[in-house]
Amino acid sequence: MKMFRIMAATGVMAAGLVAMPAPAQAPGLAMLDRLEAGQWEFRSRENPRDTARICLKTGREMLQIRHQGLNCRRFVIADQPNSVTVQYSCAGQGNGRTSVKFETRQLVQVSSQGIDDGSPFAIDLEGRRTGACTAG
């Protein structure tokens, strides 16, 4: 009788239906959604002359700053209100672990390390929104 009450309370019918757990939802990385879309410049902390420009639409483009445009498998390590950390693996192309720290809607700190084209990399960048994305 106790089992029946548990089954009834969870919505399982006595007709033999089995309750299946809902698939886990991936973390939303909501901090990245707070960033302003547009053209961003990422400047190396080690060598300020080294810069890269990225057109950010969702903020997620910076998670694979060293493996842009590749279809990589991602695993969210941390999803906090002011920071995110993601580990990713790009089959045959390398891997990385990127942390993004929110400063303002137009300023972030990015740290990424991993393997790119068979060689290790470690970069620390400051990202700033510089305006609207340019065509082309």
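Residues numbered from 1 in each chain as written. Predicted model: local features only at pLDDT ≥ 70, side-chain atom pairs only at ≥ 80, totals over all residues. Heavy atoms only, no water.

Asks: How would you sum up the environment of Asn 47? Please name residues and give values.
Replies: For Asn 47, the location among the structural elements is in the loop between β1 (38-44) and β2 (51-56). For Asn 47 and Leu 125, which are 78 residues apart along the polypeptide, the C-alpha to C-alpha distance reads 9.6 Å. (Helix = DSSP H or I, 4+ residues; strand = E, 2+ residues; numbered from the N terminus.)

Asks: Can you explain the side chain of Ser 112? Please cite residues and give values.
Replies: Looking at the secondary structure, you find Ser 112 in strand β6 (residues 107-116). The exposure class assigned to Ser 112 is buried, which follows from its relative accessible area of 2%. Side-chain polar atoms of Ser 112 contact the side chain of Thr 98, separated by 2.9 Å. Ignoring sequence-local partners within four residues, the contact set of Ser 112 consists of Ile 65, Tyr 88, Arg 97, Thr 98, Phe 121, Ala 122 and Ile 123. (Buried < 20%, exposed > 50% of the residue type's maximum accessible area, 1.4 Å probe, protein only. Polar contact = N/O pair within 3.5 Å; in protein donor to acceptor, adjacent residues only side chain to side chain. Contact = heavy atoms within 4.5 Å.)

Asks: Talk me through the sheet that holds β6; I want residue IDs and the actual numbers.
Replies: Spatial ordering of the open sheet is given by β2-β1-β7-β6-β5-β4-β3, a layout of seven strands whose pairing is antiparallel. The outermost strands of the open sheet, each flanked by one partner alone, are β2 and β3 (73-80). Taking each pair of neighbouring strands and ignoring which way they run, the sheet shows an average axis angle of 20°. Note: strand β4 (residues 83-90) against strand β5 (residues 94-104), eight bridges, orientation antiparallel. In the strand pairing of β5, Ser 83 is matched with Lys 101. (Pairing = 2+ DSSP bridges. Axes fitted to C-alpha atoms, helices over the stretch in contact; angles between N-to-C directions.)

Asks: Give a description of the pairing of β1 that names residues and reports values.
Replies: The buried fraction of β1 amounts to six of the seven residues, a majority that puts the element mostly inside the structure. Where β1 and β2 come together, six bridges link them in antiparallel fashion. Along β2, the bridge assignment pairs Trp 40 with Ile 54.

Asks: An account of unusual backbone geometry is needed here, citing residue identities and associated values.
Replies: Positive phi values are uncommon outside glycine, yet Asp 117 reaches one of about 55°. For Asp 117, a relative accessible area of 70% translates into the label exposed.

Asks: Go over the state of the cysteines with me, naming the residues and quoting the values.
Replies: Here the structure, examined in full by the defined rule, presents two disulfides. Here Cys 72 engages in a disulfide with Cys 90; their sulfurs sit 1.9 Å apart. Where Cys 72 bonds to Cys 90 through sulfur, the torsion about that S-S bond is close to 95°, and the disulfide is right-handed. A residue pair is termed long-range when its members are at least 10 positions apart, and Cys 72 in the loop between β2 and β3 and Cys 90 in strand β4 qualify at 18 residues. Across the pair, exposure class does not vary: Cys 72 and Cys 90 are buried alike. Each disulfide of the protein joins two cysteines, and with those cysteines numbered along the sequence the arrangement is 1-4, 2-3. (Disulfide = S-S within 2.5 Å.)

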